[in-house]
Amino acid sequence: CWTMQHPEWRHYEGAAWYSRSFHADLPRNGDRVLLRVGAANERARVFLNGAFLGLHVGGSTPFFADLTAHLRPGANNLMIEVDNTRRTDAVPMQHFDWFNHGGIHRDVELVTVPAVCINRLFLQLVERGIAVDVGLSLQVDGIATLDFAGLGQFEINIVGGAGTVLLDLSPELWSPDNPRLYDVAAQFGTDRVADRIGFRRIERQGTSLSLNGRPLALRGLCVHEDDRDTGRVTCESDIRRRFAHLRELGANVARLSHYPHHELVAKIADEEGMLLWEEIPVYWAISFDNPHTFDNARNQLCELIRRDANRASVILWGVGNENADTEARLAFMTGLTKVARAEDASRLIAAACLINRQTFRIEDRLAEHLDVIGLNEYFGWYEPGFEGLQRLLANSNSDRPVVISETGADAAPGLHGPETQLFTEERQALVLTRQVQIAATAPYVVGVFAWLLYDFRSERRQTRYQRGWNRKGVIAEDKATHKLGFHALADAFAQHFNGPKG
């Protein structure tokens, strides 16, 4: 992130250029050389040896560029223009509550593939076994082979570049207590794609959730991908530390707020048995009546789902956060729920909604298109007491599962005082304790996602205690200093939402 390289670049919003010279063997036998960029915020234009190769829009999902036609012997010059300018038609829009880091913030690599390569391998547990979906880069016919470690080898008939097969298999199921993964590899011609995949079933029945047929209660935290020293850039050790802290809290799920996080997060979650809610940044007010904005959101959602379709840890696709219930927003987000289900019918759909202030109920017209209703509320913080939460839950009667998708309180690390004093660690501890206690009394509330694990940058936050940081983390921005809220939340989770909810 250029925002972390020099103090004078920190608040720069606009275009910046990344340049690299490299040598690569020229492809043979019809092979192609692809550039893969893990993510660049927010628009990226790719050039090779002066030739424009394409534009990608969306700051958190991966994209490819085909370099083959413009590669030359010897040195090649790759240039990527990255622009983090906020735009009225973008997703997110100009107005959001995290830091607008700029730059290429995930891995960049060259990949050589044959002319006909596998670009989709999706396996999911269905009622009669495992459904396998294979897609190729060209519309050709043939036979793909699937090597399923421990369970056998199979053939898939490919017609017009696509093939499906239903395998009569009963794999050992993946769960947080038993994160069982299988090595799977598909081959077509000379191309081979491998993955490690777990199989589990996430369902809703009425107001309950179940995982592999057993009732599921969610003890969760929200997490932003922001680091004090590297910004949006993360690495394996940082991600594993994140999961270690979640386990210390007794959490079984993380909400990756409010955009797709690094792909390693879901892979490591698969290994470690942590459930995930992944989402795209349809955040607050965006241009809901703009078809180009919908195309942007749809593309980000499809890129996220296709990237993480095989991750057993992902149980929820999130389509939005805190949007007012208008006609344009309803049409926009209903469209996204249809896209998500068309891409992947094996997971549940969620959105973080707002309270209907006129009826003081959990009430949103989008709800009938969701599997899980998220409720962002901050009683005890932005609203002084907890009576409003008790009234809200008593006044509501949801026909499907509800989770408290955000709640918490700011605490300046090391600031102590009475529980009534704002920004003290004691106040945060009280708010988190009471929130979990009260939420557990509603039969249709199946979990709580505390806001949040680590303090993170947000220029909107400018009180004398915040100074550019959202201080609602139960751990400070050094990712080491535990606040009193950490221990209070761990205790609350141990007492509530620690058994079947349903």
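Placed above this text is the structure.
Residues numbered from 1 in each chain as written. Predicted model: local features only at pLDDT ≥ 70, side-chain atom pairs only at ≥ 80, totals over all residues. Heavy atoms only, no water.

Engineer: An account of the sheet that holds strand β4 (residues 43-48) is requested, with residue identities and associated values reported.
Structural biologist: The four strands lie next to each other as β1-β7-β4-β5, forming an open sheet whose pairing is antiparallel. Strand pairing shows two members of the sheet lacking a second neighbour, β1 (15-23) and β5 (51-57), which therefore form its edges. Averaged over all pairs of adjacent strands, the angle between strand axes in this sheet comes to 20°, irrespective of strand direction. Strand direction decides the pairing type here: β4 and β5, joined by six bridges, are antiparallel. Each bridged residue has a counterpart across the sheet, and for L48 the counterpart in β5 is A51. (Pairing = 2+ DSSP bridges. Helix = DSSP H or I, 4+ residues; strand = E, 2+ residues; numbered from the N terminus. Axes fitted to C-alpha atoms, helices over the stretch in contact; angles between N-to-C directions.)

Engineer: Can you break down the pairing of strand β24 (residues 348-353) residue by residue, with the values?
Structural biologist: With respect to burial, β24 is a largely interior element, six of its six residues being buried. Residues L348, A350 and A352 of β24 are buried on one face, and the alternating residues I349, A351 and C353, pointing to the opposite face, are buried as well. Bridging between strand β23 (residues 314-321) and β24 involves four bridges; their strand directions are parallel. Residue N321 lies in a different strand from β24, and its bridge partner there is A352. Read from β23 through helix α4 (residues 327-343) to β24, the crossover connection turns out right-handed. Inspection of the sheet shows β24 paired to strand β25 (residues 372-376) by four bridges, in the parallel sense. (Buried < 20%, exposed > 50% of the residue type's maximum accessible area, 1.4 Å probe, protein only. Right-handed = clockwise from strand over helix to strand, strands pointing away.)

Engineer: Residue-level account of the side chain of E225, with values.
Structural biologist: Considering the arrangement of structural elements, one finds E225 in the loop between β20 (218-224) and α1 (236-248). Among the polar contacts made by the side chain of E225, one reaches the side chain of R106 at a distance of 2.8 Å. In terms of polar contacts, E225 uses its side chain to reach the backbone amide nitrogen of H262, at 2.9 Å. Once residues lying within four places of it in the same chain are set aside, the contact partners of E225 are R106, G231, R232, T234, S257, Y259, P260, H261 and H262. (Polar contact = N/O pair within 3.5 Å; in protein donor to acceptor, adjacent residues only side chain to side chain. Contact = heavy atoms within 4.5 Å.)

Engineer: Before we move on, can you summarise the packing of aromatic side chains with the specific residues and values?
Structural biologist: Under the counting rule described, the total for this entry stands at 19 aromatic pairs. Ring geometry for W277 against F449: centres 5.3 Å apart, planes inclined by 90°, an arrangement best described as edge-to-face. Within this pair, whereas W277 is found in strand β22 (residues 275-279), its partner F449 is found in strand β27 (residues 445-450), the two being separated by 172 residues in sequence. K472 extends its terminal NZ or CZ atom over the ring of Y378, reaching a point 5.7 Å from the ring centre. (Phe/Tyr/Trp six-rings, centres within 6.5 Å; stacked < 30°, edge-to-face > 60°. Lys NZ or Arg CZ within 6 Å of the ring centre and 35° of its normal.)

Engineer: An account of the packing of α1 against helix α2 (residues 263-272) is requested, with residue identities and associated values reported.
Structural biologist: Two elements in contact, α1 and α2, have axes separated by 10 Å at closest approach and are oriented at 45°. Relative to α2, the element α1 lies oblique. In this structure, α1 crosses over α2, and the sense of that crossing is right-handed. Facing E236, I239, R240, R242, F243 and R247 of α1, the residues of α2 in contact are L264, V265, I268, A269, E271 and E272. Taken together, the residues of the contact of α1 with α2 break down into six nonpolar, no polar and six charged. (Parallel < 35°, antiparallel > 145°, perpendicular 65-115°, else oblique. Left-handed = near helix turned anticlockwise from the far one by under 90°. Nonpolar A, V, L, I, M, F, W, Y, C, P; charged D, E, K, R; others polar.)

Engineer: Let's hear about α2: which residues, and what values?
Structural biologist: Among the residues making up α2, those that are buried are E263, V265, A266, I268, A269 and D270. Looking at the residues trailing α2, positive phi occurs at G273, about 75°.

Engineer: Tell me about the pattern of salt bridges, residues and numbers included.
Structural biologist: Under the criterion given, the structure shown has 47 salt bridges. For R87, the salt bridge identified is with E42, shortest N-O distance 3.7 Å. Taken together, the positions of R87 in the loop between β7 (75-83) and β8 (103-104) and E42 in the loop between β3 (40-41) and β4 put the pair 45 residues apart, joining distant regions of the chain. Given the relative accessible area of 7%, E42 is considered buried. We note a salt bridge from E406 to R255, for which the minimum N-O separation is 3.5 Å. Highlighted residues: E406 in strand β26 (residues 402-406) and R255 in strand β21 (residues 253-257), separated in sequence by 151 residues. Accessibility assignment for this pair places E406 and R255 in one class, buried. Ionic contacts of the salt-bridge type, sharing partners, join the residues E42, R43, D83, R87 and D89 into one network. (Salt bridge = Lys/Arg side-chain N within 4 Å of Asp/Glu carboxyl O.)

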